[in-house]
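Residue-level structure breakdown
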Protein chains: 2
Amino acid sequence: MINLSILGTGNVASHLIKVFRNAENIKINQIYTRREANLLPYKKEYNTTTNIDALTPADVFIIAVKDDAITNLIEKINIPNQFIVHTSGSLPLQTIANRNGVFYPLQTFSKHTEVDFTSIPMCLEADTQADYKILEELAHAISDKVFPISSSQRKSLHLSAVFVCNFVNHLYAIGNELCAENNVPFEVLYALMEETTKKASLNAPKKVQTGPAIRHDEETIRQHLSQLNKPIYKEIYTLLTQSIQATNE
Amino acid sequence: MINLSILGTGNVASHLIKVFRNAENIKINQIYTRREANLLPYKKEYNTTTNIDALTPADVFIIAVKDDAITNLIEKINIPNQFIVHTSGSLPLQTIANRNGVFYPLQTFSKHTEVDFTSIPMCLEADTQADYKILEELAHAISDKVFPISSSQRKSLHLSAVFVCNFVNHLYAIGNELCAENNVPFEVLYALMEETTKKASLNAPKKVQTGPAIRHDEETIRQHLSQLNKPIYKEIYTLLTQSIQATNE
């Protein structure tokens with residue numbers, strides 16, 4: 001049985017409370033947040049507090065607050081030897097407490113959308129092997145996908161995610177705009193987008209590259225560039241074409 | 001009952017033969033290809049020929065051969081008033097036959113991978129409303145997603161597909177490379193990639209843009225650029241960041 005306390009009631013915190021509530025061998029010891037109003041949904045069922053000095057020891061404190069509030073909050077916790085972990089993908093392992101860790105669910109969360117934790121990759125880090133074991137047990141209670149990820153690995157992961165998530169979404173936005181301009185329903189492309197993403201998880205994406213760039217189909221490339229109106233979209237087309245060709249030389 | 005003939009036995013043709021074989025109210029009249037050996041899998045069950053002059057009239061001829069062989073093949077067909085359609089996404093409606101059309105399944109096909117046609121968008125075009133009706137019936141017999149797409153719309157679709165499929169795959173390849181360089185298993189990102197793609201089909205992608213670019217988080221952007229080794233990846237990061245910021249101003 002792991003006894004945990006959750007500090008925070010925002011987006012990630014509320015999802016964690018919900019999923020740990022139904023997890024086996026997990027007990028939520030306490031829920032802390034600064035504003036009384038945010039504790040309302042939890043007061044009946046849980047031991048809650050807005051007073052940081054009223055926190056009692058637990059196997060682990062999970063801090064799920066905004067990145068820029070994390071170190072400040074850890075500094076205020078007055079329990080010697082308390083294991084304290086944060087849930088942020090962009091911050092390194094903290095060194096403020098005696099026993100530090102990271103419990104990072106790698107997914108985008110919206111407060112009112114249901115989340116299936118079983119498929120969310122849990123990225124874990126701790127100072128010691130013993131503390132790592134606690135996080136591992138915790139993660140396995142809610143997810144099938146558990147990875148030990150060091151601070152430096154998490155830094156690379158964060159950068160990769162910008163390419164495969166933020167930038168990919170922008171390419172979808174451009175594709176959507178091009179369709180809209182020409183009265184093509186964007187949904188015609190959904191199946192292809194899904195298939196492309198599925199394929200990238202079955203093969204090395206480099207090996208399944210298709211399209212005019214890798215075929216060096218200059219005629220089609222010229223034609224496509226002439227269809228694009230915005231100079232920056234022409235630049236993106238040209239640069240990504242060059243990069244595909246350079247990568248596959 | 002629609003009576004159709006298929007010209008070609010390659011990638012797309014073989015998938016079409018398989019799916020029409022089991023479709024209701026469809027009969028495959030004839031299969032044509034130039035090389036006798038390619039007819040072997042079909043000789044027992046179908047009327048096959050390598051002689052273009054042995055083709056008999058049908059409700060529709062579906063030409064599924066390489067793009068650069070299409071016009072040549074149509075010119076050789078000697079049946080007056082025969083309705084002839086091609087399956088190419090990049091070619092306009094032909095004007096060689098009396099009755100021309102396009103029957104374009106928008107998906108990537110591999111010859112030995114099973115394909116579920118029901119979710120493949122079928123993009124249709126024909127000279128006349130009457131011929132369009134034939135294609136519509138044909139498409140509905142195998143797919144739930146049928147769209148009238150003109151030649152000029154198909155041109156935009158093809159350009160969009162380069163952004164949301166070919167370029168997206170290249171960003172996956174970059175993400176994969178960055179992970180590999182830093183000993184991070186790429187699979188940690190699969191759930192995020194899937195979610196990003198799913199989200200783009202539920203909302204306008206522009207509206208769900210996240211990441212350091214749209215937040216104008218200069219500190220993270222600077223940090224990411226310093227992590228990238230290849231100059232062209234730095235260029236891609238900078239250009240896509242600019243484009244996200246320009247689009248959302």
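Residues numbered from 1 in each chain as written. Chains lettered and ligands numbered in written order. Predicted model: local features only at pLDDT ≥ 70, side-chain atom pairs only at ≥ 80, totals over all residues. Heavy atoms only, no water.

The subject of this paragraph is the overall build of chain A. Broken down by element type, chain A carries seven helices and eight strands. Over its C-alpha trace chain A gives a radius of gyration of 23 Å, far above what one expects of a compact globule, namely 18 Å for 249 residues. Dimensions of chain A along its principal axes, counting C-alpha atoms only, are 70 × 35 × 30 Å. Looking at chain A residue by residue over its 249 residues, the buried ones come to 54%. Within chain A, residue pairs in contact and separated by at least 24 positions form 53% of the contacts whose partners lie at least 6 positions apart. About 11500 Å² of surface is accessible on chain A, with carbon and sulfur atoms providing 48% of the total. Each charge sign in chain A was given a centre, from 23 positive and 26 negative side chains, and these centres are 3 Å apart. (Helix = DSSP H or I, 4+ residues; strand = E, 2+ residues; numbered from the N terminus. Rg over C-alpha atoms; globule rule 2.2 N^0.38 Å. Buried < 20%, exposed > 50% of the residue type's maximum accessible area, 1.4 Å probe, protein only. Contact = heavy atoms within 4.5 Å. Areas by Shrake-Rupley, 256 points an atom, 1.4 Å probe, with all protein chains shown as cover. Lys, Arg positive; Asp, Glu negative; His and termini not counted. Charge placed at Lys NZ, Arg CZ, Asp CG, Glu CD.)

The next point concerns the domain arrangement of chain A. All names here are of chain A. The domains assigned to chain A are domain 1 (2-149) and domain 2 (153-247). Between domain 1 and domain 2, the C-alpha centre-to-centre distance is 37 Å. Counting residues at the interface gives 13 residues for domain 1, matched by four residues for domain 2. At the boundary of domain 1 and domain 2, one finds one salt bridge. Across the salt bridge formed by Arg-154 and Glu-125, the nearest N and O atoms sit 3.0 Å from each other. Summed over the shared surface of domain 1 and domain 2, the number is two residue pairs in polar contact (both at pLDDT 80 or more). When residues of the side of domain 1 that touches domain 2 are traced back to their parent elements, those giving at least two are strand 6 (99-105) and strand 7 (122-126). (Domains from an automatic or database assignment. Salt bridge = Lys/Arg side-chain N within 4 Å of Asp/Glu carboxyl O. Polar contact = N/O pair within 3.5 Å; in protein donor to acceptor, adjacent residues only side chain to side chain.)

One finds Phe-163, Leu-171 and Leu-189 of chain A together with Phe-163, Leu-171 and Leu-189 of chain B to be the most contacted residues of the largest nonpolar core, which totals 76 residues. Contributions of two or more residues to this core are made by strand 6, helix 4 (151-181), helix 5 (190-200) and helix 7 (231-247) of chain A together with strand 6 (99-105), helix 4 (151-181), helix 5 (190-200) and helix 7 (231-247) of chain B. Setting aside anything within four residues of it in sequence, one finds Leu-171 of chain B in contact with Phe-163, Val-164, Phe-167, Val-168, Leu-171 and Leu-240 of chain A together with Ile-236 and Leu-240 of chain B. (Core = buried A, V, L, I, M, F, W, Y, C linked by side-chain atoms within 4.5 Å.)

The subject of this paragraph is the interface of chain A and chain B. At the interface, 77 residues of chain A touch 77 residues of chain B. A combined buried area of about 7400 Å² lies between chain A and chain B, and 72% of that area is made up of carbon and sulfur atoms. Our enumeration of links across chain A and chain B arrives at zero salt bridges. At the boundary of chain A with chain B, the tally comes to 29 residue pairs in polar contact (both at pLDDT 80 or more). Breaking the side of chain A that touches chain B down by element, the ones donating at least two residues are helix 4, helix 5, helix 6 (218-227) and helix 7 of chain A. Looking at which element gives the most residues to the side of chain A that touches chain B, the answer is helix 4 of chain A, with 25 residues. Counted by class, the side of chain A that touches chain B contains 42 nonpolar, 28 polar and seven charged residues. (Buried area = accessible area lost by both parts, 1.4 Å probe. Nonpolar A, V, L, I, M, F, W, Y, C, P; charged D, E, K, R; others polar.)

Time to look at the packing of helix 6 of chain A against helix 4 of chain B. Pairs of packed helices are described in terms of their axes, by the angle between the two and the distance that separates them. Running from amino to carboxyl end, helix 6 of chain A crosses helix 4 of chain B at an angle of 100°, the nearest separation of the two axes being 10 Å. Considered as vectors, helix 6 of chain A and helix 4 of chain B are oriented roughly perpendicular to each other. Residues Thr-220, Gln-223, His-224 and Gln-227 of chain A of helix 6 of chain A form the contact with helix 4 of chain B, whose own contacting residues are Lys-155, Ser-156, His-158, Leu-159 and Val-162 of chain B. Considering only residue class, the contact of helix 6 of chain A with helix 4 of chain B consists of two nonpolar, six polar and one charged. (Axes fitted to C-alpha atoms, helices over the stretch in contact; angles between N-to-C directions. Parallel < 35°, antiparallel > 145°, perpendicular 65-115°, else oblique.)

What follows is about the relation of the copies chain A and chain B. Once turned by 180° and shifted 0.0 Å along the axis, chain A lies on chain B with an RMSD of 0.0 Å. Given the turn and translation reported, the copies of this chain are related as if by a two-fold rotation axis. Minimal C-alpha separation from the rotation axis in chain A is found for Val-168 of chain A, amounting to 2.8 Å. The fraction of interface residues of chain A whose copies in chain B are also interface residues reaches 100%, indicating that both copies meet through the same surface. (Least-squares fit on C-alpha atoms with pLDDT ≥ 70 in both.)

Residues and elements named next belong to chain A. The eight strands lie next to each other as 3-2-1-4-5-6-7-8, forming an open sheet whose pairing is mixed. A strand with exactly one partner marks an edge of an open sheet, and here the two such strands are strand 3 (48-49) and strand 8 (146-148). Direction of pairing for strand 1 (residues 2-7) relative to strand 4 (residues 60-63): parallel, over a ladder of four bridges. Bridge pairing links Ser-5 to Phe-61 in strand 4. With respect to the sheet, helix 4 is in contact with strand 6, strand 7 and strand 8, its orientation differing from that of strand 7 by roughly 150°. (Pairing = 2+ DSSP bridges.)

All names here are of chain B. The eight strands are arranged 3-2-1-4-5-6-7-8 in an open sheet whose pairing can be described as mixed. Only two strands of the sheet have a single partner each, and these edge strands are strand 3 (48-49) and strand 8 (146-148). Relative to strand 2 (residues 26-32), strand 1 (residues 2-7) is paired through six bridges, and the arrangement is parallel. Across the sheet, residue Leu-4 finds its bridge partner in strand 2, namely Ile-28.

Before going further, it helps to spend a moment on the packing of aromatic side chains. Per the stated rule, a full pass over the model turns up 12 aromatic pairs over all chains. An angle of 70° between the planes, with centres 5.2 Å apart, marks the rings of Phe-167 of chain A and Tyr-237 of chain B as edge-to-face. Placement of the pair is Phe-167 of chain A in helix 4 and Tyr-237 of chain B in helix 7, with the two residues belonging to separate chains. These aromatic residues form a ring-pair network of at least three members: Phe-163 and Phe-167 of chain A together with Tyr-237 of chain B. (Phe/Tyr/Trp six-rings, centres within 6.5 Å; stacked < 30°, edge-to-face > 60°.)

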